[in-house]
Amino acid sequence: NLLIFGVLAAFVLFYMGFRSLMLMFGLPGRVAAYKARHAQQRGERVFQDAVRLLFEGRFGQALKRATEAYAAGAAPGLSALVAARAAQRMRESEKQQGWLDAAKRADPRNEASALMLEAEMMNEAGRYDEALAALAHLQGKRGRHIAALRLELRARQGAGDWDSVLKLLRQLAKRDALPEEMVRQLGIKAHLANIADRADDAEALQAYLKNLPEGEQDSRVVLAAARALTAVGAMKAAQQ
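Notes on the structure follow. Note that the structure is a prediction, hence the values are computed from the model and not measured.

Quick look at the packing of aromatic side chains now. A complete count under the given rule lists one aromatic pair for this structure. Measuring from ring centre to ring centre gives 5.2 Å for Tyr70 and Trp99, while their planes differ by 85°; the resulting arrangement is edge-to-face. On the criterion of sequence distance, the pair formed by Tyr70 in helix 2 (residues 59–72) and Trp99 in helix 4 (residues 93–106) is long-range, its members being 29 residues apart. Given a relative accessible area of 29%, Tyr70 falls into the partly exposed group. The class for Trp99 is buried, based on a relative accessible area of 14%.

See below:
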């Protein structure tokens, strides 16, 4: 009995000693893991603050919080996108571009989001060629969707590419992606611009009008066409 009791006691003492050693040697790792979890949770809170501040229009604070979240590794790609938008609203173009590049580097999955944001920013800055370049890159990666088509429509208007504007309007109208009145008004504007561009060339003007869809023959378009044809001496075509 004494031998059995001694063996059990020795086992218990050995186990307790072994557990103590394991706890002692594992303490630094647990402390590090705790600190990492704490830092991650703090980074997530900071990222949420950055998004909230961005929507509140407090762009300086949003940029600061997004920078902290990026440094903490909390959704770095999305943090960079938030920072880019905040910098753009503050008219800090260098920071804006830097954060867009950081978003692309942080996570390849953010490339499409970064390109969409870049195109929108370039449109707002009146840099339509750069917006179209970003959208072309996006199309090569992900194809074209309605939001991208809307951005391209705006860029084509700014660049004065009215033939492309008409093509985009027809695509968006088929998808019911724009109000009918907006499609009509933009279509009229595009046709008037195209007629004005061809006003000195009777042959080109008549060829353009020949292909004008019946549903897009608004009275203002017809009147502008008749005046342009009259100005170049095409009286019969103007009467028609």
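On we go from here.
Applying the stated criterion to the full structure yields 18 salt bridges. For Arg58, the salt bridge identified is with Glu56, shortest N-O distance 2.7 Å. Arg156 is the partner of Asp161 in a salt bridge, and the nearest nitrogen-oxygen pair spans 3.2 Å. Taking relative accessible area as the criterion, Asp161 reaches 25% and is therefore assigned partly exposed.

Relative to the helices and strands, Ala69 is located in helix 2. Expressed as a C-alpha distance, the spacing of Ala69 and Gly126, which sit 57 residues apart in the sequence, is 31 Å. Ignoring anything within four residues of it in the chain, the contact list for Ala69 reads Gly43, Val46, Phe47, Ala74 and Ser79.

What follows deals with helix 4. For helix 4, with 14 residues, the first-to-last C-alpha span of 20 Å sits near the 20 Å given by 1.5 Å per residue. Looking only at helix 4, the buried set comprises Gln96, Trp99, Leu100, Ala102 and Ala103. All buried residues of helix 4 fall inside an arc of 160° around its axis, so they share one side. Exposed and oriented more than 90 degrees from the buried face of helix 4 are Glu94 and Arg105. Looking at the packing, one finds that the buried side of helix 4 touches helix 2, helix 3 (76–89) and helix 5 (111–124).

Another point: helix 8 (residues 162–174). Taking 1.5 Å per residue, 13 residues should reach 18 Å; helix 8 reaches 18 Å between its end C-alpha atoms and fits that length. If you check which residues of helix 8 are buried, you get Trp162, Ser164, Val165, Leu166, Leu168, Leu169 and Leu172. Buried residues in helix 8 make contact with helix 7 (146–159), helix 9 (180–197) and helix 10 (202–210). Within two residues after helix 8, Asp176 carries a phi angle of roughly 55°, on the positive side.

Together, Phe11, Val12, Tyr15 and Met16 make up an exposed nonpolar region whose accessible area comes to about 440 Å². Positionally, Tyr15 belongs in helix 1 (residues 2–56). Exposure remark for Tyr15: the relative accessible area of 47% places this residue in the partly exposed category.

A word on the packing of helix 5 against helix 6 (residues 128–142). Following both chains from N to C, one finds helix 5 and helix 6 inclined at 160°, their axes separated by 8 Å at the closest point. Overall, the two elements helix 5 and helix 6 adopt an arrangement that is roughly antiparallel. For the pair helix 5 and helix 6, the crossing hand works out as left-handed. The residues of helix 6 that touch helix 5, namely those facing Glu111, Ala112, Leu115, Met116, Glu118, Ala119, Met122 and Asn123, are Tyr128, Glu130, Ala131, Ala134, Leu135, His137, Leu138, Lys141 and Arg142. Its residues assigned to classes, the contact of helix 5 with helix 6 shows 10 nonpolar, two polar and five charged.

Rules of the game
- Residues numbered from 1 in each chain as written.
- Predicted model: local features only at pLDDT ≥ 70, side-chain atom pairs only at ≥ 80, totals over all residues.
- Heavy atoms only, no water.
- Phe/Tyr/Trp six-rings, centres within 6.5 Å; stacked < 30°, edge-to-face > 60°.
- Helix = DSSP H or I, 4+ residues; strand = E, 2+ residues; numbered from the N terminus.
- Buried < 20%, exposed > 50% of the residue type's maximum accessible area, 1.4 Å probe, protein only.
- Salt bridge = Lys/Arg side-chain N within 4 Å of Asp/Glu carboxyl O.
- Contact = heavy atoms within 4.5 Å.
- Expected span 1.5 Å × (residues − 1).
- Arc of directions from axis to C-beta.
- Patch = residues over 30% accessible without salt bridge, like charges linked within 9 Å, V, L, I, M, F, W, Y side chains within 5 Å.
- Areas by Shrake-Rupley, 256 points an atom, 1.4 Å probe, with all protein chains shown as cover.
- Axes fitted to C-alpha atoms, helices over the stretch in contact; angles between N-to-C directions.
- Parallel < 35°, antiparallel > 145°, perpendicular 65-115°, else oblique.
- Left-handed = near helix turned anticlockwise from the far one by under 90°.
- Nonpolar A, V, L, I, M, F, W, Y, C, P; charged D, E, K, R; others polar.

These values are about where atoms sit, not about what they do.
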